[in-house]
Amino acid sequence: MGAMGILAKTFQKRFAAAGAKTANKSPAPPLPKGVFDNAGGQEAAFFTMGFAKTDVMPGDIDKKKYYIAGYRPFNPAQGVLDPMTASAVWLDDNSGRGGVVFVSVDNVGMVSKDVLAAKALLADFVKKTGCRSLNILSTHNHAGIDTMGMWGALPRTGRNPKYMRVVFEGIKNVVEQAYAGRREGSLYLGRNDAPDIQRDSRLPEVFSKTLTRLRFVPNDGGREVWMLNFASHSESLLGANSLVSADFPCYLRQEILREKKAETIYFVGAIGGLIRMKELDKDNVESTKIAGRKLAETAFAIENEVKLAPRINILKQEFYAEAQNFALLAAAKFGILNAKKQAIKTAGYTGYALKTEMTYFEIDSLKMLLLPGEIFPELVYGGYLSAEESAEGKGPEVNPLPLCEIAEDENLLVFGLANDEIGYIVTPNDFLLDPETSYFDGGKDRLGRRHYEETNSLGPNTAYTIAETFTEMMQTVKASAARDTTIGEETK
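Overview of the overall build of the protein
- A count of helical and extended segments in the protein gives ten helices and 20 strands.
- Relative to the compact-globule value of 23 Å for 492 residues, the protein shows a C-alpha radius of gyration of 22 Å, a close match.
- With the principal axes as the frame, the protein shows a C-alpha extent of 70 × 60 × 45 Å.
- Classification of the 492 residues of the protein by burial places 58% in the buried group.

Right, here's the structure in full:
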């Protein structure tokens, strides 16, 4: 065994022992079951929406060293191609229960501890407005400034606390401004498949080609707001890039504003395993711009929209995700990652975990699920590898039920990197670690395929935990619907 293998085994044993000791002595408390915030049959005449955006750039980027969050550590920014931004929408169904907020930030991701720090600045806002759900999501931008810490001059963190305050203040400002600028109007749901612009870097070739649009049309005839969801890493500038950019989402938003005079807030879907845009030009900058324009054209071509009734139902559920990845635990211990670990003891696991969350939304007929990481698409839509195709000959039967089947809706809309970034959520029957170096280096399977994504995952059981948690959430939703039906019949 080489030095890397010895180091891996040492870390593995120490974190396992420390986690087990803590879990046995003072385990993290059990988490309460989420309550389904269901309006029942109530319905208003209109939605209310507000939108705001701002740049989230450091004022001293030409003087201080900031690291690009993508591909390799120690890649200091050499300039700015376009600014990173934060956008927010306030959406209210006017049921009297309060509005909901969705924030999109042009960064690689934010761990739960940072998301909670940003939300803490909005505590007075939540109290004042009655906001019942505040969600901060990342576009998983690999050309932005490092907000997680993994791309600095390792073993030093690449996460700059002063810059994080810029991000937090930007989030606070756009949320408050979105609320201040709210207007009455209608919301329309539309979908369209994108042309052949995506690439799946790992078998099976399963991903959503659908661009989903929620289009808000204000009653006053003012500027529309488009909420877009699409499955792709924001990394069209690729690994040679050293310029700060929001990547193709920047040019997507610019094109929609130029052609349709509409504002856009962009979110990513199920992008794990690894879904990104194809190279559409030999020049990476031009390829990035083309990707943005083509996605905008896909949005322009949406037809057969459905008008949504003003009704928003919500179920948020916190849960513990086992953290078996000792490399990430070490990064947190040494201050590279700003993550806070917990210790849990369950029937099948004793050790460290991360407390995270997922949130289920119903906007009329649209079902949405906000997830804290980069989930492999087959865990959402199905299409698992067979035993002959998988890493170690394991069949698809070892995998959990796909999330669309749990939701009983093939159009379940998944939002990734929502309120946390816990890394890749890998399909169990194709999960492989190098027998010696484990989470330090992606190994090769019996078919010669590399397994990079496992090294940036919490471990093999995350997919099961998410499926089990979502199953319980949907049982709660169904029970609520059954109660509403019974009450409705009794009041006839």
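Quick look at the pattern of salt bridges
- For the structure shown, the criterion picks out 28 salt bridges.
- For Lys53, the salt bridge goes to Glu263, with nearest N and O atoms at 3.0 Å. Of this pair, Lys53 sits in strand S1 (residues 47-55) while Glu263 sits in strand S11 (residues 263-268), placing them 210 residues apart in sequence.
- Assessed through its relative accessible area of 42%, Lys53 is described here as partly exposed.
- One salt bridge in this structure joins Arg450 and Asp441, with 3.3 Å as the shortest N-O distance.
- What makes Asp441 partly exposed here is its relative accessible area of 38%.
- The network of salt bridges with common partners includes Arg202, Asp430, Asp445, Arg449, Glu453 and Glu454.

As for the nonpolar core
- Counting residues in each nonpolar core, the largest one holds 56 residues, and the members touching the most others are Tyr360, Ile375, Leu403 and Phe470.
- For this core, the secondary-structure elements that each account for two or more residues are helix H1 (3-25), strand S14 (312-322), helix H7 (326-333), strand S16 (350-363), helix H8 (378-381), helix H9 (403-407), strand S20 (424-425) and helix H10 (462-490).
- Of all hydrophobic cores here, the second largest spans 33 residues; its members include Ile68, Phe125, Phe168 and Tyr179.

A short note on helix H2 (residues 112-120)
- Taken residue by residue, H2 has Ser112, Asp114, Val115, Ala118 and Lys119 as its buried positions. Projected down its long axis, H2 carries its buried residues within an arc of 165°, all on one side.
- In this fold, the buried residues of H2 make contact with helix H3 (123-129), strand S5 (133-138), helix H4 (161-180) and S16.

Brief notes about the environment of Leu116
- Note that Leu116 resides in helix H2.
- Counting along the chain gives 26 residues from Leu116 to Trp90, while the straight-line C-alpha distance between them is 19 Å.

A word on the pairing of S5
- Among the six residues of S5, six are classified as buried, and the element is accordingly described as predominantly covered.
- The alternating pattern of S5 places Ser133, Asn135 and Leu137 on one face and Leu134, Ile136 and Ser138 on the opposite face, and all of these are buried.

Let's talk about the side chain of Arg215
- Looking at where Arg215 falls in the secondary structure, it is placed in strand S8 (residues 210-218).
- Residue classification places Arg215 among the buried residues on the basis of a relative accessible area of 16%.
- Among the polar contacts listed, one links the side chain of Arg215 to the side chain of Glu305, at a separation of 2.7 Å.
- If we ignore the near neighbours within four places in the chain, the residues touching Arg215 are Ser186, Leu187, Tyr188, Glu224, Val225, Trp226 and Glu305.

Brief notes about the pairing of S16
- Of all 14 residues that make up S16, twelve are buried, and the element is covered over most of its length.
- Note: S14 against S16, eleven bridges, orientation antiparallel. Residue Lys316 lies in a different strand from S16, and its bridge partner there is Thr359.
- As paired elements, strand S15 (residues 341-345) and S16 share five bridges and run antiparallel to each other. Following the sheet pairing, Gln342 is matched in S16 by Ala353.
- Two successive antiparallel strands, S15 and S16, enclose a turn made up of four residues.
- Judged from the five bridges that link them, S16 and strand S17 (residues 366-370) form a sheet pairing that is antiparallel. Residue pairing in the sheet places Ile363 in a bridge with Leu366 of S17.
- Linkage of S16 to S17, two consecutive antiparallel strands, is achieved through a turn of two residues, within which Asp364 is found at a positive phi near 55°.

Topic: the side chain of Ser245
- Examined against the element boundaries, Ser245 turns out to sit in the loop between strand S10 (243-244) and helix H5 (248-260).
- Residue Ser245 is classed as buried on the basis of its relative accessible area, which comes to 0%.
- A polar contact is formed between the side chain of Ser245 and the backbone nitrogen of Asp247, at a distance of 2.8 Å.
- Excluding residues within four positions of it along the chain, Ser245 makes contact with Leu81, Asp82, Met84, Asn141, Ala143, Gly144 and Leu237.

Section: the packing of aromatic side chains
- Applying the stated rule across the entire model yields 18 aromatic pairs.
- Each ring, one from Phe326 and one from Phe440, has its centre 5.4 Å from the other, and the planes form 85°; the classification is edge-to-face. Taken together, the positions of Phe326 in helix H7 and Phe440 in the loop between S20 and H10 put the pair 114 residues apart, joining distant regions of the chain.
- Joined through ring pairs, the aromatic side chains of Phe11, Phe15, Phe326, Phe334, Tyr439 and Phe440 make up one cluster.
- Of note, Arg213 hangs over the ring of Trp226, and the distance from its end group to the ring centre comes to 4.4 Å.
- Seen from the ring of Phe300, Lys260 lies directly overhead, with NZ or CZ sitting 5.2 Å from the centre.

Description of H7
- For H7, a buried count of six out of eight residues is recorded, marking the element as mostly surrounded by other parts of the structure.
- Of the positions making up H7, those classed as buried are Phe326, Ala327, Leu328, Leu329, Ala330 and Ala331.
- Here the buried face of H7 lies against H1, S15 and S16.
- After H7 finishes, the residue Gly335 shows a positive phi value of roughly 85°.

So, how was this worked out
- Residues numbered from 1 in each chain as written.
- Predicted model: local features only at pLDDT ≥ 70, side-chain atom pairs only at ≥ 80, totals over all residues.
- Heavy atoms only, no water.
- Helix = DSSP H or I, 4+ residues; strand = E, 2+ residues; numbered from the N terminus.
- Rg over C-alpha atoms; globule rule 2.2 N^0.38 Å.
- Buried < 20%, exposed > 50% of the residue type's maximum accessible area, 1.4 Å probe, protein only.
- Salt bridge = Lys/Arg side-chain N within 4 Å of Asp/Glu carboxyl O.
- Core = buried A, V, L, I, M, F, W, Y, C linked by side-chain atoms within 4.5 Å.
- Arc of directions from axis to C-beta.
- Contact = heavy atoms within 4.5 Å.
- Polar contact = N/O pair within 3.5 Å; in protein donor to acceptor, adjacent residues only side chain to side chain.
- Pairing = 2+ DSSP bridges.
- Phe/Tyr/Trp six-rings, centres within 6.5 Å; stacked < 30°, edge-to-face > 60°.
- Lys NZ or Arg CZ within 6 Å of the ring centre and 35° of its normal.

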